[in-house]
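Fold and contact review
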Amino acid sequence: MKEFHCGSLVPGCEWHTRAEEEAEVMRRAVEHMRETHGETIIRETMIEAIRSRIDKVRDAA
């Protein structure tokens, strides 16, 4: 399971997402950046910044 907290990139943002695959976390994060933060161009540097903040989480038992 992978997890991304937007607040680690955009201070004050409470949004977060979880998915099994990193690619799905990335897709959701990019969509969030466009819809919520008004990013119209997602540059490679932003992709790298998001990817570096994706954490692996253990499934709750």
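For the structure, check the block above.
Since this is a predicted model, take the numbers as computed values, not measurements. (Residues numbered from 1 in each chain as written. Predicted model: local features only at pLDDT ≥ 70, side-chain atom pairs only at ≥ 80, totals over all residues. Heavy atoms only, no water.)

1. Digging into the overall build of the protein
Tallying secondary structure elements over the protein gives two helices and three strands in all. Mapped in sequence order, the helices and strands of the protein form the string β-β-α-α-β. The C-alpha radius of gyration of the protein comes to 11 Å, within 12% of the 10 Å expected for a compact globule of 61 residues. Its C-alpha atoms give the protein principal-axis dimensions of roughly 40 × 20 × 15 Å. Looking at the protein as a whole, 31% of its 61 residues are labelled buried. Summing over all exposed atoms, the protein offers an accessible surface of approximately 4,300 Å²; the carbon and sulfur share of this is 46%. Across the protein, the 10 positively charged side chains and the 13 negatively charged ones have centroids separated by 2 Å. (Helix = DSSP H or I, 4+ residues; strand = E, 2+ residues; numbered from the N terminus. Rg over C-alpha atoms; globule rule 2.2 N^0.38 Å. Buried < 20%, exposed > 50% of the residue type's maximum accessible area, 1.4 Å probe, protein only. Areas by Shrake-Rupley, 256 points an atom, 1.4 Å probe, with all protein chains shown as cover. Lys, Arg positive; Asp, Glu negative; His and termini not counted. Charge placed at Lys NZ, Arg CZ, Asp CG, Glu CD.)

2. Re the nonpolar core
In this structure, Phe-4, Met-33, Ile-42, Ile-50 and Ile-54 are the most contacted members of the largest nonpolar core, which totals 14 residues. Within the residue set of this core, elements represented by two or more residues are helix H1 (22–37) and helix H2 (44–52). When residues of this core are assigned to their parent elements, the largest contribution, five residues, is made by H1. Setting aside residues up to four positions removed in sequence, Met-33 forms contacts with Phe-4, Cys-6, Leu-9, Val-10, Gly-38, Glu-39, Ile-42, Met-46 and Ile-50. (Core = buried A, V, L, I, M, F, W, Y, C linked by side-chain atoms within 4.5 Å. Contact = heavy atoms within 4.5 Å.)

3. Re the pairing of strand E1 (residues 2–5)
Bridge count between E1 and strand E2 (residues 16–19): four bridges; the pairing is antiparallel. Bridging across to E2, Lys-2 finds its partner in Ala-19. Pairing geometry for E1 and strand E3 (residues 55–56), over two bridges, is antiparallel. Opposite Glu-3, over in E3, you have Asp-55 as the bridge partner. (Pairing = 2+ DSSP bridges.)

4. Let's talk about H1
Two residues of an α-helix separated by three or four positions point the same way, owing to the 3.6 residues in each turn. Spanning 16 residues, H1 covers 21 Å between terminal C-alpha atoms, matching the ideal 22 Å at 1.5 Å per step. Residues of H1 that are buried include every one of Val-25, Met-26, Ala-29, Val-30, His-32 and Met-33, and no others. Seen along its axis, H1 keeps its buried residues to an arc of 160°; they face one direction. The exposed set on the far side of H1, more than 90 degrees from its buried face, consists of Ala-23 and Glu-35. Packed against the buried residues of H1 are E1, E2 and H2. (Expected span 1.5 Å × (residues − 1). Arc of directions from axis to C-beta.)

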